[in-house]
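# Coordinates in review
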Amino acid sequence: MGYRIKKNIALLLVTSFAFTSCEELDISGMVRSYDPVNARFEQSMEWNAAHPYREIIVTDDDYTILSMGDSHVGGTINLDIFYKDAKAKKSAAVVLVGDLTTGQAEDYDVFHQHIPNQDSLPSFFIAGNHDLYFNGWHQFYSRFGSSTYFFTVETNTAKDLFICLDTGGGTLGTRQLSWLSEILQKIRPEYRRCTVFTHNNFFRNRRTSSTNPQIEELRVLIELFTKNHVEMVITGHDHVHDVQLFGNTTYITMDALEDGQKNPGYFQINVIDGYIDYRFINLKYSGN
Amino acid sequence: MRLFIYSSIFIFLILIQVTYASAQFKVTGYIDAGHTNVSNGLFIKTSGLGSYQFGKNMVAAGMQLDLKNYNSNVFSGLNLIAAREARIKNFHFEFQAFYLLTLFSDISRETNWGMMLNLQPEHFKLVVGTSFRTFAYRKRAINEYNLNADDKIHENWNIIYSISYYLKRHENEWNIGVSVTNIDHYIINQETNPNFNLNGYYQMNAPLRLFAEVWYKSSGAFNLSVNYFGVFLRTGIVWDIG
């Protein structure tokens, strides 16, 4: 009996060591978090206080925004294609919804080198769970700052609101949820359309080991989005695209952009005559 | 509302039968108090479940009331269960089918139905099963927010599990156990959101059992980026009316 227990403990230790030694996974995150969501939110708010929200002004009534997630840099082939397309399509902005890197400092460095100048193409970044591995939040924060904020796009006739949320820890946490409620109740009514970006996809349309927010949190978010007329919620995380229409809200899960994925891709939002149209762009078939 | 009426009738029928039949009837009542990331401070819930055992069959019904929570609904959950004990050679188990309605706000509702197997080997309680979840809007929200009544979100073949280990054998007058599970009486989480609880009971006398549970909920464990989600204390009684 004693031998069996010792054998099992040894096996557990070897397995744990193998996982913690992996360069892409930080298994310690299963039992503890380097930077809990409320602490990240406080830092994001500090950043927001020093850097007011961005107002993007476009000269036309219609505009395009591109979004991608799960680039998991290392590889940058698809990331470069994404930015090339964004420039070619004259995107008003791009939104990168997390799992941009593996969390390792050297991957953050590589990722950072491939981002164009903010003046030529405004880029908005959100942390995903992989970005937090290996104490990655500090890497994220030092390069991109806040992971909870909003920005606006103003056309000749209207203004639209875009909210970015940090679900890298699988939950919004109490403070971020309170912030979101306030933004939706007080600021949302001033805008024509409202889109939310975040990393974690909400609904479980297939069997996967990736985690969605707790059911109780989903219920609260569904209610908030319905009551406050959020038109679209754009997420990544699950690596396989999906569309769920529920009420007046369309819930999007994007394909992963990561090099080597079976169907790598990004997401294109076209605001035309005040209405939101969208397309999934599959890089495998897009001619790049 | 119709479901609420049906469930009330169902519970009433069970009570009537108890009066006239000599089958086994059991009532469980408990109260939860705690905090989650979405409870907006302290939440307090209470629930009553009645079960009626006749031969190898069992039916049960329960209701949950939210006394203090983020939502305005008081009646927040309904649980209907039908079960049958079975045996394959020396392998004893209980097969259970259930329906669960959660009215978590005045806007939308969630229904779950499914089935599970319960096993109770010495010192363990094991549950494994599957469920089918549907999110839908409530009538008043469809009118108020101009929504499409046909809009529903389905999550099919969710895995249900509960693994509990107890210090003493099940027939002992007191016990302490630990559980990892994605289910509770009125909630079924995704299989990737395990919750943990420490639980114990004390059999006061023949019909009455006191129990208490401490639950810890986390988010993101399977994303390797775990965060606190909530903690609550449950305490209640099981009254074996006989």
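Just so it is clear, the structure is predicted and the values come from calculations on it, not from any experiment.

Below, the discussion takes up the packing of aromatic side chains. Taken as a whole and judged by the stated rule, the model has 36 aromatic pairs over all chains. Considering the side-chain rings of Phe202(A) and Phe203(A), the 6.5 Å spacing of their centres and the 70° angle between planes classify their relative orientation as edge-to-face. Accessibility classification places Phe202(A) together with Phe203(A) in one group, the buried group. Residues Phe225(A) and Tyr251(A) carry aromatic rings whose centres are separated by 6.5 Å and whose planes lie at 45° to one another, so their mutual orientation is tilted. Placement of the pair is Phe225(A) in helix H8 (residues 215-227) and Tyr251(A) in strand S10 (residues 249-253), with a sequence separation of 26 residues. Ring pairing ties together the aromatic residues Trp47(A), Phe111(A), Phe125(A), Trp137(A), Phe140(A), Tyr141(A) and Phe144(A), which thus form one cluster. Note that Arg40(A) overlies the ring of Trp137(A), its terminal NZ or CZ placed 6.0 Å from the centroid. A cation sits over an aromatic face here: Arg209(B) above Tyr201(B), 3.8 Å from the ring centre.

As a further point, take the pattern of salt bridges. Under the defined criterion, the tally for this structure stands at 21 salt bridges over all chains. Measuring nitrogen to oxygen at the nearest pair gives 2.2 Å for the salt bridge that ties Arg143(A) to Asp109(A). With a gap of 34 residues between them, Arg143(A) in helix H6 (residues 136-144) and Asp109(A) in helix H4 (residues 105-113) connect regions that are remote in the sequence. For Arg143(A), a relative accessible area of 21% corresponds to the partly exposed category. Between Lys217(B) and Glu216(A) there is a salt bridge, with its nearest N and O atoms 2.5 Å apart. With Lys217(B) in strand S13 (residues 208-219) and Glu216(A) in helix H8, this residue pair bridges two chains.

This part takes up the environment of Phe54(B). Residues and elements named next belong to chain B. With respect to the helices and strands, the residue Phe54 is situated in strand S2 (residues 42-54). With 162 residues separating them along the chain, Phe54 and Tyr216 place their C-alpha atoms 35 Å apart. Those residues within four positions of Phe54 in sequence are excluded, and the remaining contacts are Ala23 and Val59.

Bringing the sheet that holds strand S8 (residues 152-166) of chain B into the picture now. By way of backbone hydrogen bonds, the strands of a sheet pair with one another, either parallel or antiparallel. Pairing in this closed barrel of 12 strands is antiparallel, and the strands run S1-S2-S3-S4-S5-S6-S7-S8-S9-S12-S13-S14 (chain B) around the ring. Along the sheet, successive strands turn relative to each other by an average axial angle of 20°, direction set aside. Sitting on the sheet, H8(A) is in contact with strand S1 (24-36), strand S5 (91-102), strand S6 (108-119), strand S7 (124-137), S13 and strand S14 (227-240) of chain B, with an inclination near 5° to S7(B).

Quick look at the nonpolar core now. Ile163(A), Leu180(A), Phe225(A) and Phe135(B) are the most contacted members of the largest nonpolar core, which totals 38 residues. Of all the secondary-structure elements, those providing two or more residues to this core are strand S6 (159-164), helix H7 (173-187), strand S7 (194-197) and H8 of chain A together with S7 and helix H2 (139-144) of chain B. It is H8(A) that provides the largest number of residues to this core, a total of 7 residues. Once you skip the residues sitting within four places of it in the chain, Phe135(B) turns out to touch Phe203(A), Ile215(A), Leu218(A), Ile222(A), Phe246(A), Phe104(B), Arg109(B), Glu110(B), Asp151(B), Lys152(B) and Ile153(B). Tyr83(A), Val94(A), Leu96(A) and Trp137(A) belong to the second-largest nonpolar core, a separate cluster that totals 26 residues.

All names here are of chain A. Between Val73 and the following residue, Gly74, the backbone shows a cis peptide bond with an omega angle of 5°. For Asp70, which is not glycine, the phi dihedral falls at a positive 60°. Within the secondary structure, Asp70 is located in the loop between strand S2 (63-68) and helix H3 (77-88). Unusually for a residue other than glycine, Asp99 sits at a positive phi of about 55°. Here Asp99 lies in the loop between strand S3 (93-96) and H4. Judged by relative accessible area, Asp99 falls into the buried class, the value being 2%.

Below, the discussion takes up the interface of chain B and chain A. At the interface, 49 residues of chain B touch 49 residues of chain A. Roughly 4100 Å² is buried in total at the junction of chain B and chain A, and carbon and sulfur atoms are behind 55% of that figure. The largest contributions to the chain B side of the interface with chain A come from Ile153(B), Asn223(B) and Leu224(B), which together make up 18% of the buried area. In this assembly, chain B and chain A are joined by 5 salt bridges. Between Asp106(B) and Lys227(A) there is a salt bridge, with the nearest N and O atoms lying 3.9 Å from each other. Between the two partners, chain B and chain A, sit 26 residue pairs in polar contact (both at pLDDT 80 or more).

Turning our eyes to something else, we now look at H8(A). Residue and element names in this part refer to chain A. Taking 1.5 Å of rise per residue, 13 residues should cover 18 Å, and H8 covers 18 Å from first to last C-alpha, within 8% of that figure. The buried fraction of H8 amounts to 12 of the 13 residues, a majority that puts the element mostly inside the structure. Every buried residue belonging to H8 is among Ile215, Glu216, Glu217, Leu218, Arg219, Val220, Leu221, Ile222, Glu223, Leu224, Phe225 and Thr226, and all of these are buried. His229 occupies a position one or two residues after H8 and carries a positive phi of about 55°.

The next subject is the sheet that holds strand S4 (residues 123-125) of chain A. Residues and elements named next belong to chain A. Overall, mixed pairing links the 5 strands, which are arranged S4-S3-S2-S11-S12 in an open sheet. The sheet is open, and its two borders are formed by S4 and strand S12 (275-282), each paired with just one other strand. Ignoring which end each strand starts from, the neighbouring axes of this sheet average 20° apart. Bridge analysis of S2 against strand S11 (residues 265-272) gives 5 bridges, and the strand direction is antiparallel.

Residue and element names in this part refer to chain A. In this model H7 runs 21 Å from its N-terminal to its C-terminal C-alpha over 15 residues, within 8% of the 21 Å that 1.5 Å per residue would give. Within the span of H7, buried status applies to Gly173, Gln176, Leu177, Trp179, Leu180, Ser181, Ile183 and Leu184. Looking at the buried residues of H7, the elements they touch are helix H2 (37-50), strand S5 (149-154), S6, S7 and H8.

Cut-offs used in this document
- Residues numbered from 1 in each chain as written.
- Chains lettered and ligands numbered in written order.
- Predicted model: local features only at pLDDT ≥ 70, side-chain atom pairs only at ≥ 80, totals over all residues.
- Heavy atoms only, no water.
- Phe/Tyr/Trp six-rings, centres within 6.5 Å; stacked < 30°, edge-to-face > 60°.
- Buried < 20%, exposed > 50% of the residue type's maximum accessible area, 1.4 Å probe, protein only.
- Helix = DSSP H or I, 4+ residues; strand = E, 2+ residues; numbered from the N terminus.
- Lys NZ or Arg CZ within 6 Å of the ring centre and 35° of its normal.
- Salt bridge = Lys/Arg side-chain N within 4 Å of Asp/Glu carboxyl O.
- Contact = heavy atoms within 4.5 Å.
- Pairing = 2+ DSSP bridges.
- Axes fitted to C-alpha atoms, helices over the stretch in contact; angles between N-to-C directions.
- Core = buried A, V, L, I, M, F, W, Y, C linked by side-chain atoms within 4.5 Å.
- Buried area = accessible area lost by both parts, 1.4 Å probe.
- Polar contact = N/O pair within 3.5 Å; in protein donor to acceptor, adjacent residues only side chain to side chain.
- Expected span 1.5 Å × (residues − 1).

So far we have only geometry, and geometry alone does not tell us how the molecule works.
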